[in-house]
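The lines below spell out each chain.
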Amino acid sequence: MYKKVCKHEASHYIWGEGCDSWVLVDKDALSVKLESMPHGTKENAHYHSASSQFFYMIKIRKTL
C-alpha cells in the first residue's frame, strides 16, 4: 500500500527548459510523477533498462 501524497507535499524538481516534476511515489516497483511542461518543451530521448513509461496528458498549457 502506498501513502497518498498531494502535489504540495511531494518532492519537487525542475528539469529541461522550465519543466516541473513532483514525485508522488518513488519505490523500486513503482514511480509516479506529476509533470508540468510549458508549450513547446519536450523530453530528451532516453532509455530505461528496467521500466516503462506511460504518459497521460491532462491539459495542454499554452503560454503567450
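Cut-offs applied
- Residues numbered from 1 in each chain as written.
- Predicted model: local features only at pLDDT ≥ 70, side-chain atom pairs only at ≥ 80, totals over all residues.
- Heavy atoms only, no water.
- Helix = DSSP H or I, 4+ residues; strand = E, 2+ residues; numbered from the N terminus.
- Buried < 20%, exposed > 50% of the residue type's maximum accessible area, 1.4 Å probe, protein only.
- Contact = heavy atoms within 4.5 Å.
- Areas by Shrake-Rupley, 256 points an atom, 1.4 Å probe, with all protein chains shown as cover.
- Lys, Arg positive; Asp, Glu negative; His and termini not counted.
- Charge placed at Lys NZ, Arg CZ, Asp CG, Glu CD.
- Pairing = 2+ DSSP bridges.
- Patch = residues over 30% accessible without salt bridge, like charges linked within 9 Å, V, L, I, M, F, W, Y side chains within 5 Å.
- Salt bridge = Lys/Arg side-chain N within 4 Å of Asp/Glu carboxyl O.
- pLDDT = per-residue confidence, 0-100.

## Concerning the overall build of the chain
Along its length, the chain carries 0 helices and 3 strands. Once the C-alpha set of the chain is aligned to its principal axes, its extents read approximately 40 × 30 × 20 Å. Relative to its full complement of 64 residues, the chain shows a buried share of 16%. Across the chain, the fraction of contacts at a sequence separation of at least 24, relative to all contacts at a separation of at least 6, is 14%. Element-wise, carbon and sulfur atoms account for 54% of the exposed surface of the chain, whose accessible area totals about 6,100 Å². Treating the 9 positive side-chain charges of the chain as one cloud and the 7 negative ones as another, the clouds have centres 7 Å apart.

## Examining the pairing of strand β1 (residues 11–15)
In this sheet, strand β2 (residues 19–26) lies alongside β1 in antiparallel orientation, the contact comprising 5 bridges. Within the sheet, the bridge partner assigned to Trp15 lies in β2 and is Cys19.

## A word on a nonpolar patch on the surface
There is a patch of nonpolar side chains on the surface, built from Tyr2, Leu30 and Val32 and spanning about 220 Å² of accessible area. On the basis of relative accessibility, which here comes to 31%, the residue Val32 falls in the partly exposed class.

## A word on the confidence of the model for the chain
For the chain, the average pLDDT comes to 83, and 91% of its residues sit at 70 or higher. For the chain, per-element mean pLDDT is lowest for strand β3 (residues 31–36), which scores 89, and highest for β1, which scores 95.

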